[in-house]
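# Overview (structure and organization)
Below, each chain spelled out in residue letters.
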Amino acid sequence: MALPPPPVYPDEPKIPILPNMLTAGNLLCGFFSILTIFKGMAFASGTPEAFEYYQQATYFIFAACVFDLLDGRVARMCHADGPFGREFDSIADVVSFGIAPALLLARAVLFELPVPFLGHGIAVIYLLCAALRLARFNCMAAAPRKPNQSSDFVGLPVPMAAGAVVSTMYLVIDITTNRNLVIAQPWQISMAGAMTIVSLLMMSRVIYPSFKHVTFQKRGTIMAMLMAVVAVCALISFPWIAPALIFLCYLLYGLIVRPFLTRKMRRALEVDTEDEDDNEAPPAGTHH
């Protein structure tokens, strides 16, 4: 009797080194952020010692945003984007922009809400929406590309949602520790509602510009350049409040402003992407 043929295994995926090293940096920043949060949890909630560790955790998450910004650009520059990078990036994003901000949300901002465990519930909603948003993005990116398909994002990208949450937490920590101010309970309730809206926006159908086309060779408009210069100056002059305002402007731009702009006005504010949208594949692994 003839022996059955030997088993056949799938081919190993190609793993580009440089872009995936940047993605690994994103993942490690998320991991160290979580470790730092655990150190802060050893102290009583709301104490300056705890807030000091939580503030350090925000730095790691901001660093993860930088790595996430770079890995996709490097992959496209090297023509090395592919399914492995997309999946690896999603795993890193769940840690850096899902678990870490959710922990911070429950421990650093929403720990004094009047309803018990309400802060934990909002953090759980945020984490679930982030994970579902990443899974939806991967499914949409793997689907066959339609004619004239836009590369803008459907729903708030997970890194931008994490940036909005973490920059708000950074502002709250700075106000309560460095400026010795007390945030009244109505403001805490308002922040809880705002964080819930941010979570739901990730799973919404609101369109947000991707800006993945921006390169040193790409031509922009005077308005876009002016906005970039103002943003950089604000970050340098007011580092405690500028990140929260920048992320808030991006959030409100897609939710409220952009739907009412004409196509010409959008091109004045965003990088012109019409030529690229006709030929470019969906983003392979970044800015979900």
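This text follows the structure it describes.
This section reports on the structure supplied with the text. Worth saying up front: this structure is predicted, and the values here are computed from it rather than measured.

Below, the discussion takes up the overall build of the chain. Helices and strands together make up the secondary structure of the chain, namely 10 helices and 2 strands. Here the chain holds 288 residues, and the buried ones make up 42% of them. Taking contacts inside the chain between residues at least 6 apart in sequence as the whole, the part at least 24 apart equals 83%. A total of about 15900 Å² of accessible surface is found on the chain, and carbon and sulfur atoms cover 72% of it.

Moving on, we come to the pattern of salt bridges. Tallied over the entire structure, the rule returns 1 salt bridge. Of the charged contacts, one joins Asp-152 and Arg-258 as a salt bridge, the two residues approaching to 2.9 Å between their closest N and O atoms. In this pair, Asp-152 sits in the loop between α4 (118-142) and β1 (153-154) while Arg-258 sits in the loop between α8 (242-257) and α9 (263-269), placing the two residues 106 residues apart along the sequence. Under the relative-accessibility criterion, Asp-152 is labelled buried at 18%.

Next up on the list: a nonpolar patch on the surface. A contiguous nonpolar patch, built from Leu-28, Phe-31, Phe-32, Leu-35, Phe-38 and Met-41 and spanning about 530 Å² of accessible area, is present on the exposed surface. In this fold, Phe-32 is placed in helix α1 (residues 17-41).

Let's shift gears to the nonpolar core. With 49 residues, the main nonpolar core has Tyr-54, Leu-104, Leu-105, Tyr-126, Leu-156, Met-202 and Tyr-208 as its most contacted residues. A total of 9 residues in this core trace back to one element, the largest contributor, which is helix α3 (residues 83-109).

The next point concerns the environment of Phe-88. Inspection of the secondary structure puts Phe-88 in helix α3. Linking Phe-88 and Leu-27, residues 61 residues apart in sequence, is a C-alpha distance of 9.2 Å. When sequence neighbours within four positions are dropped, the list of residues in contact with Phe-88 reads Asn-20, Thr-23, Ala-24 and Leu-27.

Let us now look at the environment of Ala-142. Mapped onto the fold, Ala-142 is located in helix α4. Given a relative accessible area of 53%, Ala-142 falls into the exposed group. Placed 59 residues apart in sequence, Ala-142 and Pro-83 show a C-alpha to C-alpha distance of 8.1 Å.

Before going further, it helps to spend a moment on the packing of aromatic side chains. Scanning all chains against the criterion turns up 9 aromatic pairs. With 6.4 Å between their ring centres and 55° between their planes, Phe-137 and Phe-153 make a pair best called tilted. Linking Phe-137 in helix α4 with Phe-153 in strand β1, this pair joins segments that are 16 residues apart in sequence. Neither residue differs from the other here; Phe-137 and Phe-153 are each classed as buried. Following the ring pairs from residue to residue traces out a cluster consisting of Phe-31, Phe-32 and Phe-60.

Here we take up unusual backbone geometry. The residue His-79 is not glycine, and still its phi comes out positive at about 55°. Position of His-79 relative to the elements: it lies in the loop between α2 (48-77) and α3. The phi torsion at Asn-148 lies on the positive side, around 60°, for a residue other than glycine. Looking at where Asn-148 falls in the secondary structure, it is placed in the loop between α4 and β1.

Quick look at the packing of helix α5 (residues 158-178) against helix α6 (residues 185-202) now. Helix-helix packing is characterised by the crossing angle of the two axes and by the distance between the axes. Across the interface, α5 lies against α6 with an axial gap of 9 Å and an inter-helix angle of 165°. Judged by the angle between their axes, α5 and α6 are roughly antiparallel. Viewed along their axes, α5 and α6 form a crossing whose handedness is left-handed. Here Val-158, Ala-161, Val-165, Thr-168 and Val-172 of α5 come into contact with α6, specifically with Met-191, Met-195, Val-198 and Met-202. Across the contact of α5 with α6, the residue classes break down as 8 nonpolar, 1 polar and no charged.

An ideal rise of 1.5 Å per residue puts 26 Å on 18 residues; α6 measures up with 26 Å between its terminal C-alpha atoms. Elements in contact with the buried residues of α6: α3, α4, α5, β2 (207-208) and α8.

Moving on: the side chain of Ser-210. On the secondary structure map, Ser-210 appears in the loop between β2 and α7 (222-237). Excluding its chain neighbours within four sequence positions, the residues that come into contact with Ser-210 are Ser-151, Asp-152 and Phe-153.

Okay, the packing of α1 against α3 next. The N-to-C vectors of α1 and α3 enclose an angle of 20°; their axes lie 9 Å apart at closest approach. Comparing their axes, α3 and α1 come out roughly parallel. Note that α1 runs across α3; the crossing there is left-handed. When its residues are assigned to classes, the contact of α1 with α3 shows 17 nonpolar, 7 polar and 3 charged.

Parameters at a glance
Residues numbered from 1 in each chain as written. Predicted model: local features only at pLDDT ≥ 70, side-chain atom pairs only at ≥ 80, totals over all residues. Heavy atoms only, no water. Helix = DSSP H or I, 4+ residues; strand = E, 2+ residues; numbered from the N terminus. Buried < 20%, exposed > 50% of the residue type's maximum accessible area, 1.4 Å probe, protein only. Contact = heavy atoms within 4.5 Å. Areas by Shrake-Rupley, 256 points an atom, 1.4 Å probe, with all protein chains shown as cover. Salt bridge = Lys/Arg side-chain N within 4 Å of Asp/Glu carboxyl O. Patch = residues over 30% accessible without salt bridge, like charges linked within 9 Å, V, L, I, M, F, W, Y side chains within 5 Å. Core = buried A, V, L, I, M, F, W, Y, C linked by side-chain atoms within 4.5 Å. Phe/Tyr/Trp six-rings, centres within 6.5 Å; stacked < 30°, edge-to-face > 60°. Axes fitted to C-alpha atoms, helices over the stretch in contact; angles between N-to-C directions. Parallel < 35°, antiparallel > 145°, perpendicular 65-115°, else oblique. Left-handed = near helix turned anticlockwise from the far one by under 90°. Nonpolar A, V, L, I, M, F, W, Y, C, P; charged D, E, K, R; others polar. Expected span 1.5 Å × (residues − 1).

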